[in-house]
Amino acid sequence: MIQIANLTKSFGRNQVLKGIDLTVNKGEVVAILGPSGSGKTTLLRCVNYLEKPSDGAITIDNFRVDCKKVSKKEIHLLRQRTAMVFQQYNLFRHKTALENVMEGLLIVKKLSKQEARKISVELLERVGLGGKLDAYPSQLSGGQQQRVGIARALALNPDVILFDEPTSALDPELVGEVLAVIRKIAREGITMIIVTHEMTFAQEVASHVVFMDEGVIVEEGKPNELFNRPKEERTKQFLSRIR
Ligand code: ADP
């Protein structure tokens, strides 16, 4: 179980997260929705410590990080338990698909080359890229690059995968293949938090939906409730704008 408690984040005088409390149970898929600039990406980046939260705590099972007095070792451990999938894929350009997935296994998990290769081949097959092991990112479509990004996140065997608008950089015809892979791993019971603008996808795949605006969680609930019977005015307005 993951617990985010009273998480705040300011950039200078701009308070972007104003005390976020969120609990994510094992195997749950949480979709985070909200207007641009509401703090969704910053929240994910704080959970992975790509951004340093100003205050609050992040707990995964019995491992608790108090953001006011965190050590380097704790940050390292937190990053191992929370893998990120980025909007712009963030692959190493000079490494092949296989080498991109192997990297974390060699550096973070300290596996032998042989073990890392075996696991990485299996993962790339799982995301439908068994035939592209030796391709460089420049030789892959955006959808294929993002699937390498997903395989790389899976390789760390994290407690949760954080998806930051995983399809927003893709041409429309490539969105489907990436959503299909996310849908498949969601069914396998992997815990996920997904920031997305794909409402149909969120409604179908998420077990829990969170609506954020101006750095706070305005409303959260089951997809059916939030999409069909939103309680808060701000949620109603947001949904009516995008549908
Ligand atoms: P969302 O993902 O909901 O679109 P973001 O988390 O990207 O929102 O951004 C929330 C706010 O934080 C915005 O006002 C944005 O300008 C600001 N922000 C995000 N990252 C930084 C940064 N590195 N430095 C300064 N301000 C930032």
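Each chain has its residues counted from 1, running along the sequence as written. Residue-level local features of this predicted model are given only where pLDDT is at least 70; pairs of side-chain atoms are given and counted only at 80 or more, and the full residue set underlies all totals for whole chains, interfaces and linings. The side-chain figures draw on all heavy atoms in the structure; neither hydrogens nor water molecules are used.

## Brief notes about the overall build of the protein
Step number 1: Secondary structure elements follow DSSP: runs of H or I of four or more residues count as helices, runs of E of two or more count as strands, with numbering from the N terminus. Each helix and strand counted, the protein has nine helices and ten strands in total.
Step number 2: Atoms counted for the radius of gyration: C-alpha only. Globule rule: 2.2 Å times residue count to the power 0.38. In terms of overall dimensions, the protein is globule-like: its C-alpha atoms have a radius of gyration of 18 Å, near the 18 Å expected for 243 residues.
Step number 3: The cut-offs for exposure are 20% and 50% of the maximum accessible area for each residue type, with area from a 1.4 Å probe on protein chains only; residues under the lower value are buried, those over the upper are exposed, and the others partly exposed. Per-residue burial over the protein gives 53% buried out of 243 residues.
Step number 4: Here, residues are in contact when the closest pair of their heavy atoms is within 4.5 Å. For the protein, the share of sequence-separated contacts (at least 6 apart) that also reach a separation of at least 24 residues comes to 62%.
Step number 5: For the accessible areas, the method is Shrake-Rupley and the probe is 1.4 Å, while residue cover comes only from the protein chains on display. When the accessible area of the protein is evaluated, it comes to approximately 11,600 Å², of which 47% is carbon and sulfur surface.
Step number 6: Note that His is not counted, nor are the chain ends; the positive residues are Lys and Arg, and the negative ones are Asp and Glu. The location of each charge is read from NZ of Lys, CZ of Arg, CG of Asp or CD of Glu. Between the averaged position of the 35 positive side-chain charges in the protein and that of its 29 negative side-chain charges there is a distance of 4 Å.

## Section: the site of the ligand
Step number 1: In these notes, residues near a molecule or strand are those with any non-hydrogen atom within 4 Å of it. Taken together, the residues surrounding the ligand are Phe11, Asn14, Val16, Pro35, Ser36, Gly37, Ser38, Gly39, Lys40, Thr41 and Thr42.
Step number 2: We define a polar contact as two N or O atoms separated by no more than 3.5 Å, with the added condition that, inside protein, one atom must be a possible hydrogen donor and the other a possible acceptor, whereas residues neighbouring each other in sequence contribute only through side-chain atom pairs. Between the ligand and Ser38, the relevant distance is 3.0 Å, taken from an oxygen atom to a main-chain nitrogen or oxygen of the residue.
Step number 3: In this structure, an oxygen atom belonging to the ligand sits 2.5 Å away from a side-chain N or O atom of Thr42.
Step number 4: Elements that contribute at least two residues to the shell around the ligand include exactly β2 (14–24) and α1 (40–47).
Step number 5: By residue number, the principal contributor to the shell around the ligand is α1, which donates three residues.
Step number 6: Residue polarity is assigned by list, with Asp, Glu, Lys and Arg as charged and Ala, Val, Leu, Ile, Met, Phe, Trp, Tyr, Cys and Pro as nonpolar; anything else, Gly included, falls into the polar class. Of the residues assigned to the shell around the ligand, the class counts are three nonpolar, seven polar and one charged.

## Focus: the layout of surface pockets
Step number 1: Throughout, the protein atoms alone are placed on a 1 Å grid, and a set of points is a cavity if a 1.4 Å probe fits but cannot get out or a pocket if it is open with protein on both sides within 12 Å along at least five of seven lines; lining residues have an atom within 4 Å of a point. Grid points are joined across faces, edges and corners, and a volume is the space filled by probe spheres set on the points. Approximately 590 Å³ is the volume attributed to the largest pocket.
Step number 2: Lining the largest pocket we find 21 residues, and of these Asn48, Arg79, Gly104, Val108 and Leu156 sit closest to its centre.
Step number 3: For the lining of the largest pocket, the elements supplying multiple residues, two or more each, are α2 (72–81), β6 (82–85), α3 (97–107) and α5 (142–155).
Step number 4: The biggest single contributor to the lining of the largest pocket is α2, with five residues.
Step number 5: Taken together, the residues of the lining of the largest pocket sort by class into ten nonpolar, seven polar and four charged.
Step number 6: In this model, the second largest pocket occupies a volume close to 160 Å³.

## With respect to the packing of α3 against helix α4 (residues 113–126)
Step number 1: To get an axis, a line is fitted to the C-alpha atoms, and for a helix only the part in contact is used. The angle between two axes follows their N-to-C directions and goes from 0 to 180 degrees. Running from N to C, α3 and α4 cross one another at 125 degrees; their axes reach a closest spacing of 9 Å. Here α3 lies oblique to α4, going by the angle between them. For the pair α3 and α4, the sense of crossing is right-handed. Residue-level inspection shows Ala97, Leu98, Val101, Met102, Leu105 and Leu106 of α3 in contact with α4, the latter providing Lys113, Ala116, Arg117, Ile119, Ser120, Val121, Leu123 and Leu124. Comment on the angle field: the value is read as roughly parallel under 35 degrees, roughly antiparallel over 145, roughly perpendicular from 65 to 115, and oblique elsewhere. Take the far helix as your reference; a near helix turned counterclockwise from it by less than a right angle gives a left-handed crossing, and one turned clockwise gives a right-handed crossing.

## Overview of the UniProt feature "domain: ABC transporter" (unreviewed entry) in the protein
Step number 1: Residues annotated by UniProt as "domain: ABC transporter" (unreviewed entry) correspond here to residues 2–239.
Step number 2: Secondary structure over residues 2–239 splits into 39% helix and 26% strand, and the C-alpha atoms at its two ends are 27 Å apart. UniProt positions are given in the numbering used here, feature names are shortened, and annotations may be inferred rather than shown by experiment.

## Topic: the sheet that holds strand β3 (residues 29–33)
Step number 1: Two strands make a pair as long as DSSP finds a minimum of two bridges between them. Reading across from one edge, β6-β7-β8-β3-β9-β10 is the order of the six strands in this open sheet, with mixed pairing throughout. The sheet is open, and its two edges are formed by β6 and β10 (216–221), each paired on a single side. Recorded for the sheet is a direction-independent mean angle of 20 degrees between the axes of neighbouring strands.
Step number 2: With four bridges connecting them, β6 and strand β7 (residues 160–164) associate as parallel partners. In the sheet register, Val85 faces β7, and the bridge partner there is Phe163.
Step number 3: Relative to β7, α1 is tilted by about 150 degrees, and along the sheet it contacts β3, β6, β7, β8 (192–195) and β9 (208–213).
Step number 4: Each of β3, β7 and β8 is contacted by helix α6 (residues 172–187), which is oriented at about 155 degrees to β8, the strand it contacts most.

## Re the state of the cysteines
Step number 1: The criterion for a disulfide is a pair of cysteine sulfur atoms lying within 2.5 Å. Within the structure shown, the criterion is met by zero disulfides.
Step number 2: With no disulfide partner, Cys46 has as its closest neighbouring cysteine sulfur the one in Cys67, 7.5 Å distant.
Step number 3: Residue classification places Cys46 among the buried residues on the basis of a relative accessible area of 0%.
Step number 4: A relative accessible area of 1% means that Cys67 is categorised as buried.

## What about empty space enclosed by the protein?
Step number 1: Within this structure, the stated rule accounts for one cavity of 30 Å³ or more.
Step number 2: Put simply, the largest cavity is a space of about 40 Å³.
Step number 3: Lining of the largest cavity is provided by Met1, Ile2, Lys26, Ile60, Asp61, Asp159 and Thr191.
Step number 4: Here the lining of the largest cavity is composed, by residue class, of three nonpolar, one polar and three charged.

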